[in-house]
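Letter by letter, the chains look like this.
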Amino acid sequence: MNSFAKNSVIAASPPLSWRNLLAGIVTEEAQRLLPSPLPVWSDEQLVLRLAGNEPDALGQIYDRYAASLYRLLNALLDSSVDAEDALQEVFVALATCRVSRIRNLKSYLFVSARHQAFTLLRRRKREPSFEDVTVLEIAAPQNMSGESANAGQDWYALLARLPLEQREVIALKVWEEMTFADIAQVVRASPNTVMSRYRYGIERLRKWCQEENGD
């Protein structure tokens, strides 16, 4: 193709503009200029990539779970600084652990986060009144959902007034939308115990809200 014909083809193509991109008009040439989308790996694939020392694996796991883990840690520790420290320790432990132990990534991370929180609580000489945990291989919990920053701060203030065992159950149930059976596996208690902690905690929260609102 001579230069005139080549230039004519380019001139006839829709220009690469935000309007054209938003309208879905992308020429073949423009498509070559756009970055390729990152692959979306499943948790199982990410574990395999982590075991294979793939450089992007740890970062993708962090992007997927850091926010949820931080919410739980902040609820347990009532300190954003300690929550950040514990979150860092969770991923340091993940990077140096025996990956073959991880049967379910999400569950592994939540149990690891709880373990790190309890370690910090012991350092504060505020030992929990119920059995500590170790990192276990347990079943997968349900999907998680986000929470607005303002609502999250309100919850943190209320949760901080609850006993630790009620606080963590409510955090896992409300923020991470786990089932009682899944929470029971994380906290190493029976589903009935978990439901009782949740019910008593919610009753206290409602009472405090009514008192603050003058009801």
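All residue numbers here refer to positions counted from 1 along the written sequence of the relevant chain. This being a predicted model, a pLDDT of at least 70 is required before a residue's local features are given, and a value of 80 or more before pairs of side-chain atoms are given or counted; all residues contribute to the totals for chains, interfaces and linings. Side-chain measures were taken over the full set of non-hydrogen atoms in the model, leaving aside hydrogen atoms and water.

Overview of the overall build of the protein
Step number 1: For the purposes of this entry, the term helix denotes a DSSP run of H or I that reaches at least four residues, the term strand denotes a run of E that reaches at least two, and both are numbered from the N terminus. Across its full length, the protein carries 11 helices and 0 strands.
Step number 2: For the protein, the N- to C-terminal ordering of α and β elements is α-α-α-α-α-α-α-α-α-α-α.
Step number 3: By residue count, 40% of the 215 residues in the protein fall in the buried class.
Step number 4: Should any heavy atoms of two residues lie within 4.5 Å, those residues are considered in contact. In the protein, the proportion of contacts linking residues at least 24 apart, taken out of those at least 6 apart, comes to 61%. Burial classes: relative accessible area under 20% of the type maximum marks a residue as buried, over 50% as exposed, and values in between as partly exposed (1.4 Å probe, protein chains only).

Some words on the packing of aromatic side chains
Step number 1: Here the aromatic set is Phe, Tyr and Trp, taking the six-membered ring for Trp, and pairing holds for ring centres within 6.5 Å; pairs whose planes are under 30 degrees apart are stacked, those over 60 apart are edge-to-face, and all others are tilted. Following the criterion strictly, the structure yields 2 aromatic pairs and no others.
Step number 2: Between the aromatic rings of Phe180 and Tyr198, the centroid separation amounts to 5.4 Å while the plane-to-plane angle is 70°, which identifies the pairing as edge-to-face. Of the two residues, Phe180 sits in helix 10 (residues 180-187) while Tyr198 sits in helix 11 (residues 191-213), which places them 18 residues apart along the sequence.
Step number 3: Using a relative accessible area of 22% as the deciding quantity, one classes Tyr198 as partly exposed.
Step number 4: Comment: the charge-over-ring label is applied if NZ (Lys) or CZ (Arg) is within 6 Å of the ring centre and within 35 degrees of the ring normal. Taking the ring centre of Trp208 as reference, the NZ or CZ of Arg161 above it sits at 4.1 Å.
Step number 5: Its guanidinium or amino end placed over the ring of Phe180, Lys173 lies 4.5 Å from that ring's centre, counting from NZ or CZ.

Examining the nonpolar core
Step number 1: Ile61, Leu69 and Leu94 are the most contacted members of the largest nonpolar core, which has 51 residues in total.
Step number 2: Elements with a minimum of two residues in this core: helix 4 (43-51), helix 5 (57-77), helix 6 (80-96), helix 7 (105-123), helix 8 (149-159), helix 9 (164-174), helix 10 and helix 11.
Step number 3: Once you skip the residues sitting within four places of it in the chain, Ile61 turns out to touch Leu46, Leu50, Ala66, Phe91, Leu94, Leu105 and Leu109. The criterion is simple. A nonpolar core is a set of buried Ala, Val, Leu, Ile, Met, Phe, Trp, Tyr and Cys residues joined through side-chain atoms within 4.5 Å.

Observations concerning the confidence of the model for the protein
Step number 1: In this model, the protein carries an average pLDDT of 75, and 66% of its residues clear a pLDDT of 70 or more.
Step number 2: The quantity called pLDDT is the predictor's confidence in a given residue, expressed from 0 to 100. Counting interchain partners and residues more than four positions distant, the pLDDT-below-50 stretch residues 128-152 has 73 contacts.

A look at the packing of helix 9 against helix 10
Helix packing for two helices is described by the angle between their axes and how far apart those axes are.
Step number 1: At their nearest, the axes of helix 9 and helix 10 sit 10 Å apart, and the two run at 135° to each other. Taken together, the axes of helix 9 and helix 10 lie oblique to each other. Crossing hand, helix 9 versus helix 10: right-handed. Taking contact as the criterion, the partners of Glu168, Val169, Leu172 and Lys173 in helix 9 are, on helix 10, Phe180, Ile183, Val186 and Val187.
Step number 2: Counted by class, the contact of helix 9 with helix 10 contains 6 nonpolar, no polar and 2 charged residues. Between N-to-C directions, angles span 0 to 180 degrees; the directions come from axes that are lines fitted to C-alpha atoms, helices contributing only their stretch in contact. To sort the angles, those under 35 degrees are grouped as roughly parallel, those over 145 as roughly antiparallel, those from 65 to 115 as roughly perpendicular, and the leftovers as oblique. Definitions for this section: a left-handed crossing has its near helix turned counterclockwise from the far helix by less than a right angle. A right-handed crossing has that turn clockwise. Charged residues are taken to be Asp, Glu, Lys and Arg, nonpolar residues to be Ala, Val, Leu, Ile, Met, Phe, Trp, Tyr, Cys and Pro, and polar residues to be all remaining types, Gly included.

Focus: the pattern of salt bridges
It is possible for side chains of opposite charge to pair when their charged atoms get near one another.
Step number 1: In what follows, salt bridge is the name for a side-chain nitrogen of Lys or Arg lying within 4 Å of a carboxyl oxygen of Asp or Glu. On inspection of all chains with the given rule, the structure shows 5 salt bridges.
Step number 2: Where Arg64 meets Asp43, a salt bridge forms, and the shortest distance between an N and an O atom there is 2.7 Å. Remark: Asp43 occurs in helix 4 and Arg64 occurs in helix 5; sequence separation between them is 21 residues.
Step number 3: For Asp56, the salt bridge is made with Arg49, and the minimal N-O distance between the two is 2.8 Å.
Step number 4: Using a relative accessible area of 19% as the deciding quantity, one classes Arg49 as buried.
Step number 5: One network of salt bridges, in which partners are shared, links Arg49, Glu54 and Asp56.

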